Amino acid sequence: MEDNDKNQFRRWFTRISLILILTLIVFVMNQCGKQSNSCRFLIVNNRNSSHSQSYRGQRYLAYIITSTSPRFNATYTELTTALPKFFKIIRKPSVSHTDSRIVPNDYVRVSSLLLTHIDTWHEIGSKSDHELGENDWVFVFEDDVGIVPPAIMNSFYRKIYTVWKYAKPNPILGKTIEEGLKLAKNDGILYLGTCGPVFMDNDTNIQNSRNRLIQFRRGVYFCTHAIAYTKWRARRFWSALATYRLFHREVGSGTIAREWQRLSKAYPFSAAANIHWPPNTGHYGFFYQTRGNHPSIIQEKT
């Protein structure tokens, strides 16, 4: 008798559970009928989520420092193809070579780029909270920047290519950048690409992305072609550099920033420090200088 009672109880419990599940499904379907757009949005996101939702819909401000329209257009296309809907891009023309702040000498072009960076830092620092919204980070790119293409990832970094299913647009690239931003929150600066690095950490304390494929490392870096700043860091950055009076013996935004890092021991993070492209150039990160496509016009001398 006891076994029969138990079996009967199980059958009733199963029936009641099925009824409750069916009721819940009908309720959800009715809600979707009333709010079809939002339900469809959730379904799409679950099936094909991308970095464009990871920052809750608001794009990051990004400056492209540029000297000519063709170079700006090429960089704009590069960024928006690899990271669609990730940036709200602002064109920042280079400071004129005849600007009153530039002393005529052999380094006019270098001075122009440095002053353009300084003006950009001041502009970022003056942004209102309303303009920045939820995103306290602002990106600065020079107009010779490129992003390591899928074919190169497939050839040299097959493990990353396979796991990421590396294609344009790549949803994981944006999420990896945002991992770096969180990691560098207290620094207020994150190098997205660098050259000539001197890393300050060893293999035991390198920071890795969640998928363990991308490295973030502290160090002393040269090149300023791809960097993210917080508002507070951008506001104070030139003052921090000027404290060491580096502009008296160093020329260019890259050399001044590198010496500041070395002297102040403020070693920023660089993202994707385990990606080296192009070969034998000392460039590390997903962002590099496309010197082949855009010969540098910022030479040491004019």
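Residues numbered from 1 in each chain as written. Predicted model: local features only at pLDDT ≥ 70, side-chain atom pairs only at ≥ 80, totals over all residues. Heavy atoms only, no water.

In the annotation of an unreviewed UniProt entry, the protein chain is listed under the name Glycosyltransferase family 25 protein and assigned to Rotaria socialis.

### Here we look at the nonpolar core
Rules: Working definition of a nonpolar core: buried Ala, Val, Leu, Ile, Met, Phe, Trp, Tyr and Cys residues. They are joined through side-chain atoms within 4.5 Å. The buried label applies to any residue whose accessible area, calculated with a 1.4 Å probe on protein chains only, is under 20% of its type's maximum; exposed applies above 50%, and partly exposed to all values in between. Two residues form a contact once any of their heavy atoms are found within 4.5 Å.
In this structure, Phe87, Phe139, Phe141, Ile177, Phe286 and Phe287 are the most contacted members of the largest nonpolar core, which totals 41 residues. Excluding residues within four positions of it along the chain, Phe139 makes contact with Tyr60, Leu61, Ala62, Tyr63, Phe86, Phe87, Ile177, Leu181, Leu192, Ile227 and Ala228. Membership of the second largest hydrophobic core comes to 27 residues, among which are Leu115, Ile189, Ala234 and Leu241.

### Brief notes about the pattern of salt bridges
When the charged atoms of two side chains with opposite charge come close together, those side chains can pair. How we decide: When a carboxyl oxygen of Asp or Glu is within 4 Å of a side-chain nitrogen of Lys or Arg, the pair counts as a salt bridge. A helix here means a DSSP run of H or I that spans at least four residues, while a strand means a run of E at least two residues long, and both kinds are numbered starting from the N terminus.
Scanning all chains against the criterion turns up seven salt bridges. Close ionic contact of Asp143 with Arg71 constitutes a salt bridge, the shortest N to O distance being 3.1 Å. In this pair, Asp143 sits in the loop between β3 (137-142) and β4 (145-147) while Arg71 sits in helix α3 (residues 69-82), placing the two residues 72 residues apart along the sequence. When the shortest N-O distance is used, the salt bridge between Asp129 and Lys231 registers 3.3 Å. Placement of the pair is Asp129 in helix α5 (residues 129-132) and Lys231 in helix α9 (residues 231-243), with a sequence separation of 102 residues. You can call Lys231 buried: its relative accessible area is 13%.

### Overview of the environment of Ala271
By the element assignment, Ala271 lies in strand β10 (residues 269-271). What makes Ala271 buried here is its relative accessible area of 9%. When sequence neighbours within four positions are dropped, the list of residues in contact with Ala271 reads Leu190, Tyr191, Leu192, Gln215, Phe216 and Gly285.

### A short note on the pairing of β3
Within a regular strand, side chains alternate between the sheet's two faces. For clarity, the threshold we go by: Strand pairing is defined by DSSP finding a minimum of two bridges between the two strands.
By the criterion of burial, β3 is predominantly enclosed, with six of the six residues buried. Residue alternation in β3 divides its side chains into two sets, Trp137, Phe139 and Phe141 and Val138, Val140 and Glu142, and both sets are buried. Alignment of strand β1 (residues 60-66) against β3, held across four bridges, turns out to be parallel. Residue pairing in the sheet places Ile65 in a bridge with Glu142 of β3. Pairing of β3 with strand β9 (residues 226-230), which is carried by five bridges, proceeds in the antiparallel orientation. Bridged to Val140 within β9 is Ile227.

### Regarding α3
Our working rule: Here the expected span of a helix is defined as 1.5 Å times the quantity of residues minus one. When we speak of the arc, we mean the arc of directions from the helix axis to the C-beta atoms.
In this model, α3 (14 residues) spans 20 Å end to end at C-alpha, consistent with the 20 Å of a helix rising 1.5 Å per residue. Within α3, the full set of buried residues consists of Arg71, Phe72, Thr75, Leu79 and Ala82. Viewed along the axis of α3, the buried residues span an arc of 120°, placing them on a single side of the element.

### Re the packing of helix α4 (residues 108-125) against α9
Heads up, the condition is: Axis geometry follows a simple rule: fit a line to the C-alpha atoms, using only the stretch in contact for helices, then measure angles between N-to-C directions, giving values from 0 to 180 degrees. Throughout, the term roughly parallel applies to angles under 35 degrees, roughly antiparallel to angles over 145, roughly perpendicular to angles from 65 to 115, and oblique to all others. Each crossing gets its handedness from the near helix: less than a right angle anticlockwise from the far helix is left-handed, clockwise is right-handed. Any residue that is not Ala, Val, Leu, Ile, Met, Phe, Trp, Tyr, Cys, Pro, Asp, Glu, Lys or Arg is counted as polar, Gly included; the first ten are nonpolar and the last four charged.
Two numbers describe how α4 lies on α9: the axes approach to 7 Å, and their chain directions differ by 140°. Accordingly, the angle class assigned to the pair α4 and α9 is oblique. Handedness of the α4/α9 crossing: left-handed. The residues of α9 that touch α4, namely those facing Leu114, Ile118, Trp121, His122, Ile124 and Gly125, are Lys231, Ala234, Arg235, Phe237, Trp238 and Leu241. Partitioned by chemical class, the residues of the contact of α4 with α9 number eight nonpolar, two polar and two charged.

### Describing the state of the cysteines
The line we're drawing: Defined by distance alone, a disulfide is two cysteine sulfur atoms within 2.5 Å.
Across all of its chains, the model carries one disulfide by this definition. The residue that forms a disulfide with Cys195 is Cys223, at a sulfur-sulfur distance of 1.6 Å. Handedness here is read from the sign of the S-S torsion; for Cys195 and Cys223, about 75°, the answer is right-handed. Residue Cys195 is found in strand β6 (residues 193-199), and its partner Cys223 is found in the loop between β8 (215-222) and β9; the two are separated by 28 residues along the sequence. Pair check on accessibility: Cys195 and Cys223 agree, each one buried.

### As for the packing of α9 against helix α10 (residues 253-264)
Look at α9 against α10: their axes get within 10 Å of each other, and the N-to-C directions meet at 85°. When the axis of α9 is compared with that of α10, the two are roughly perpendicular. Taken together, the residues of α10 that come into contact with α9 (itself represented by Arg233, Phe237, Ala240 and Leu241) are Ile256, Ala257 and Trp260.

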